[in-house]
Amino acid sequence: MKRNCDEVMEKYLMLDKGERVPIDITLHLITCNKCRKQIRMMKTAEKISKAPLSIPVAMNDFSIEAVMAKIDPNYSYSKNPISITKWIFGGVAMILFMLAFGLSNYCGASKAIVISFYTLFAGCVTAYCAMFVGTNMDFFVKLINTKRPLSKAV
Ligand SMILES: [Zn+2]
């Protein structure tokens, strides 16, 4: 059973700027496209407005999209270039390729070719991991500086 999305977003917004996101929230964001989209939209909205955002308590896609449409009519939230699912799929495909190469008895290749293959492969994996972390880091560290509306305290 998935964690409640509203509960997760509530918890996420309570974090201080720069604070590490707890593992349960991170896990939810990895598996929940809806929450990732909301966070991405809020960050873009904040970047565009250059001011701390007041996030309404009853938050939904529609309200954020409405705000985005006001701030920047040209904004499209389909900007996310590569989804996390594709990243994971790519990583698994790379590992399977390496395993297939290893099991194929090196296709009769010489030792030098095998070594250069593995060196190249290690380089690819390193670059892949660095790119993955670099492009998805924003999900794992909270960057939004949010102000809780005063009415929330009632
Ligand atoms: Zn969610």
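This write-up is about the structure you can find in this document. (Residues numbered from 1 in each chain as written. Predicted model: local features only at pLDDT ≥ 70, side-chain atom pairs only at ≥ 80, totals over all residues. Heavy atoms only, no water.)

## Points about the packing of helix 2 (residues 23–31) against helix 3 (residues 33–49)
Stage number 1. With their axes 5 Å apart at the nearest point, helix 2 and helix 3 run at an angle of 100 degrees to one another. Here helix 3 runs roughly perpendicular to helix 2, going by the angle between their axes. For the pair formed by helix 2 and helix 3, the contact residues are H28, L29, I30 and T31 on the first element and N33, C35, R36 and I39 on the second. (Axes fitted to C-alpha atoms, helices over the stretch in contact; angles between N-to-C directions. Helix = DSSP H or I, 4+ residues; strand = E, 2+ residues; numbered from the N terminus. Parallel < 35°, antiparallel > 145°, perpendicular 65-115°, else oblique. Contact = heavy atoms within 4.5 Å.)

## Notes on the coordination of the zinc ion
Stage number 1. Only C5 (SG), H28 (NE2), C32 (SG) and C35 (SG) from the protein coordinate the zinc ion, and they sit 2.0 to 2.3 Å from it.
Stage number 2. In this structure, the zinc ion is coordinated by 4 donor atoms arranged in tetrahedral fashion, with angles at the metal of 100 to 115 degrees.
Stage number 3. For the zinc ion, all donor residues lie on one chain, and their spacing in sequence is C-x22-H-x3-C-x2-C. Pair noted here: C5 is in helix 1 (residues 5–14) and H28 is in helix 2, with a separation of 23 residues, a long-range link. (Donors = N, O, S within 2.8 Å, 3.2 Å for Na, K, Ca; no water. Tetrahedral: all angles 85-135°; square planar, octahedral: opposite > 155°, others 65-115°.)

## Let's talk about a nonpolar patch on the surface
Stage number 1. A contiguous nonpolar surface patch, about 750 Å² in accessible area, is contributed by I23, L27, I30, I88, V92, I95, L96 and L99.
Stage number 2. Broken down by secondary-structure element, the contributors of at least two residues to the nonpolar patch are helix 2 and helix 5 (84–103).
Stage number 3. Per element, the largest residue contribution to the nonpolar patch is 5 residues, and it comes from helix 5.
Stage number 4. In this fold, I30 is placed in helix 2. (Patch = residues over 30% accessible without salt bridge, like charges linked within 9 Å, V, L, I, M, F, W, Y side chains within 5 Å. Areas by Shrake-Rupley, 256 points an atom, 1.4 Å probe, with all protein chains shown as cover. Salt bridge = Lys/Arg side-chain N within 4 Å of Asp/Glu carboxyl O.)

## Looking at helix 1
Stage number 1. When we look at burial in helix 1, the residues that qualify are V8, M9, Y12 and L13. Down the axis of helix 1, the buried set is contained in an arc of 130 degrees. They therefore lie on one face. Exposed and oriented more than 90 degrees from the buried face of helix 1 are D6 and M14.
Stage number 2. Between the side-chain oxygen at the start of helix 1 and the backbone nitrogen of D6 there is a gap of 2.8 Å, and the oxygen is on N4. (Buried < 20%, exposed > 50% of the residue type's maximum accessible area, 1.4 Å probe, protein only. Arc of directions from axis to C-beta. Polar contact = N/O pair within 3.5 Å; in protein donor to acceptor, adjacent residues only side chain to side chain.)

## Re the nonpolar core
Stage number 1. In terms of nonpolar packing, the biggest core is built from 12 residues, these being V8, M9, Y12, L13, L15, V21, I25, L29, C32, C35, I39 and M42.
Stage number 2. Where this core is concerned, the elements lending two or more residues are helix 1, helix 2 and helix 3.
Stage number 3. Examining the composition of this core, we find that 4 residues originate from one element, helix 1, more than from any other. (Core = buried A, V, L, I, M, F, W, Y, C linked by side-chain atoms within 4.5 Å.)

## Quick notes on the pattern of salt bridges
If charged atoms from side chains of opposite charge come close, those side chains can pair.
Stage number 1. Taken as a whole and judged by the stated rule, the model has 1 salt bridge.
Stage number 2. Linking D24 and K11 is a salt bridge whose minimum nitrogen-to-oxygen distance equals 3.0 Å. In this pair, D24 sits in helix 2 while K11 sits in helix 1, placing the two residues 13 residues apart along the sequence.
Stage number 3. D24 sits in the partly exposed class, given a relative accessible area of 24%.

## Let's talk about the environment of T26
Stage number 1. Relative to the helices and strands, T26 is located in helix 2.
Stage number 2. Residues T26 and Y12, 14 residues apart in the sequence, show an inter-C-alpha distance of 9.4 Å.

## Considerations on the packing of helix 1 against helix 2
Stage number 1. It is the contact of helix 1 with helix 2, at a shortest axis distance of 10 Å, that shows an interaxial angle of 125 degrees. When the axis of helix 1 is compared with that of helix 2, the two are oblique. Relative to helix 2, the crossing made by helix 1 is left-handed. In this structure, helix 1 contributes C5, V8, K11 and Y12 to the contact, and helix 2 contributes D24, I25, H28 and L29. (Left-handed = near helix turned anticlockwise from the far one by under 90°.)

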